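So the chains spell out like this:
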Amino acid sequence: MRIVALAGGIGGARFLRGLLAAVGPQDEITVIGNTGDDIHLYGLKVCPDLDTVMYTLGGGINEEQGWGRTDETWSIKAEMKEYGVGPEWFGLGDRDFATHLVRSQMLTAGYSLSQVTEALCVRWNPGVRLLPMSDDRVETHVRITDEQGTRAVHFQEYWVRLHAAVDAEAIIPVGADTAKPAPGVLEALAEADVILFPPSNPVVSIGTILAVPGIREAVAAAPAPVVGLSPIIGGAPVRGMADKVLAAVGVEATAAAVALNYGSSLIDGWLVDSADQDAVAAVEAAGIACRAVPLLMTDVEATAGMARAALALAEQVRT
């Protein structure tokens, strides 16, 4: 079975770990990773979502945080502070710095982000084929109004420094409209047996991937069933502040509303949590097969159960 998953950071990475536990060694998993969260810091190219997938599946993630490296130290950050160089609000540990140094060195030497990601994965052996959504530069920005007036800030600043405390007025994937899918992305979608939308942020993770011209169309045209898992349980995001960015695009923070925002032209099946059983009828009325199952990723086995439920729904939709 050839499985393609569109994934953001922590939620997507943890779901993928369960997916790997749920499938057999003969199955192939391709992950199309969000690069809209990418940011340039200290002259380095930082790819938070790609790295979170790579570290999580490769056994190097800080499990408590869900991001960054395990057993991290912070000497470089402390030295940068002494030089008065920021930003202080974004944490890059010493081990993490090494990844960004290697990536930036390779990019400067002329390698594409796809080639760099493949090279980094040789070390981590994540058990999946990890592809950036695009080799072109795309950065998600958020329009806000605060004491400085109306302005656009990088999504990382909105999420990490401001903690989404200011209302998001618009989400702008800068550069997405002229970006091209990375090599292998469209081919993977066309050849997939199943396409999955993990419980990643539907606006700034999966939504940004779909904003790259050609990817949404390829998902919609794919012969494979497309099944998503709700990141919203009981009217609230399981982790993070997805409700803030959903409001910016006029979507309620409910399991049903997120499914309807994707629409039956894009997804064939949708899983909601058992607590949202009452959402099933509304989703199915829109032409999307829907099931209510436990969706809390409390451990790997629970997450594997979610993955098995998604694959089972895909098979039901297929038949």
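Here, the structure is the one placed above.
This section reports on the structure supplied with the text. Per chain, residue numbering runs from 1 following the sequence as it is written. Given that this is a predicted model, residues contribute local features only at a pLDDT of at least 70 and side-chain atom pairs are listed and counted only at 80 or more, while totals for whole chains, interfaces and linings are drawn from all residues. Think of the side-chain values as coming from all heavy atoms in the structure, minus any hydrogens and water.

### A few points about the overall build of the protein
The criterion, for reference: Strands here are runs of E lasting at least two residues and helices are runs of H or I lasting at least four, both read from the DSSP assignment and numbered beginning at the N terminus. Two things to know: the radius of gyration comes from C-alpha atoms, and the globule rule equals 2.2 Å times the number of residues to the power 0.38. Buried residues are those whose accessible area, probed at 1.4 Å on protein chains only, stays under 20% of the maximum for their type, while exposed residues exceed 50% and partly exposed ones sit between those limits. For this analysis, residues touch if any pair of their heavy atoms sits within 4.5 Å.
Helix and strand counts for the protein stand at 13 helices and 14 strands. Taken over the C-alpha trace, the protein has a radius of gyration of 19 Å; the compact-globule value for 319 residues is 20 Å, and the two agree within 12%. Dimensions of the protein, computed from the C-alpha atoms along their principal axes, are close to 60 × 50 × 40 Å. Scored against the burial criterion, the 319 residues of the protein give a buried share of 54%. For the protein, restricting intrachain contacts to residue pairs at least 6 apart in sequence, the fraction spanning at least 24 positions comes to 70%.

### Describing the sheet that holds strand S14 (residues 289-293)
As a reminder of what qualifies: The rule for pairing is simple: two strands pair if DSSP sees at least two bridges between them. Between N-to-C directions, angles span 0 to 180 degrees; the directions come from axes that are lines fitted to C-alpha atoms, helices contributing only their stretch in contact.
In space, the 7 strands of this open sheet follow the order S5-S2-S1-S9-S10-S13-S14, with parallel pairing throughout. Lying at the two open borders of the sheet, with one neighbouring strand each, are strand S5 (129-132) and S14. Each adjacent strand pair in this sheet contributes to an overall mean axis angle of 20 degrees, direction not counted. Across 6 bridges, strand S1 (residues 2-7) lies against strand S2 (residues 28-33) in parallel orientation. Looking at S2, one finds that Ala 5 is bridged to Val 31. Packing against the sheet, helix H11 (residues 255-262) makes contact with strand S9 (194-197) and strand S13 (269-273), and its axis sits at approximately 165 degrees to S13. Running over the sheet, helix H13 (residues 300-318) touches S1, S9, strand S10 (226-229), S13 and S14 and is turned about 145 degrees from S13.

### Considerations on the packing of aromatic side chains
Worth spelling out the cut-off: Here is the rule: rings of Phe, Tyr and Trp (six-membered ring for Trp) pair when centre to centre is within 6.5 Å. Planes less than 30 degrees apart are stacked, more than 60 are edge-to-face, and the remainder are tilted. Placement of a positive charge over a ring is assigned whenever Lys NZ or Arg CZ falls within 6 Å of the ring centre and within 35 degrees of the normal to the ring plane.
Applying the stated criterion to the full structure yields 6 aromatic pairs. Consider the rings of Trp 89 and Phe 90, whose centres lie 5.9 Å apart with planes at 80 degrees: the pair is edge-to-face. Judged by its relative accessible area of 8%, Phe 90 falls in the buried class. One Lys or Arg, Arg 69, reaches over the ring of Tyr 55 and ends 5.5 Å from the middle of that ring.

### Points about H11
Along H11, 6 of the 8 residues are buried, which leaves the element largely enclosed by surrounding structure. Of the residues making up H11, those classed as buried are Ala 255, Ala 256, Ala 257, Val 258, Ala 259 and Tyr 262.

### Re the sheet that holds strand S6 (residues 139-146)
As summarised here, the arrangement of the 3 strands in space is S7-S6-S8, forming an open sheet in which the pairing is antiparallel. In the strand order of this sheet, the two ends are held by strand S7 (149-154) and strand S8 (170-174), each with one partner. The sheet shows a mean angle of 30 degrees between the axes of neighbouring strands, taken without regard to direction. Relative to S7, S6 runs antiparallel, the two sharing 6 bridges. Within the sheet, the bridge partner assigned to Thr 145 lies in S7 and is Thr 150.

### Topic: the pattern of salt bridges
Operational definition: One side-chain nitrogen of Lys or Arg within 4 Å of one carboxyl oxygen of Asp or Glu is enough to make a salt bridge.
In the structure shown here, the tally under the stated rule is 11 salt bridges. The salt bridge partner of Arg 103 is Asp 51, with a shortest N-O separation of 2.4 Å. A residue pair is termed long-range when its members are at least 10 positions apart, and Arg 103 in helix H4 (residues 94-108) and Asp 51 in helix H2 (residues 48-58) qualify at 52 residues. For Asp 51, a relative accessible area of 4% puts it in the buried group. With a closest N to O distance of 3.1 Å, Arg 291 and Glu 284 form a salt bridge. A relative accessible area of 37% means that Glu 284 is categorised as partly exposed.

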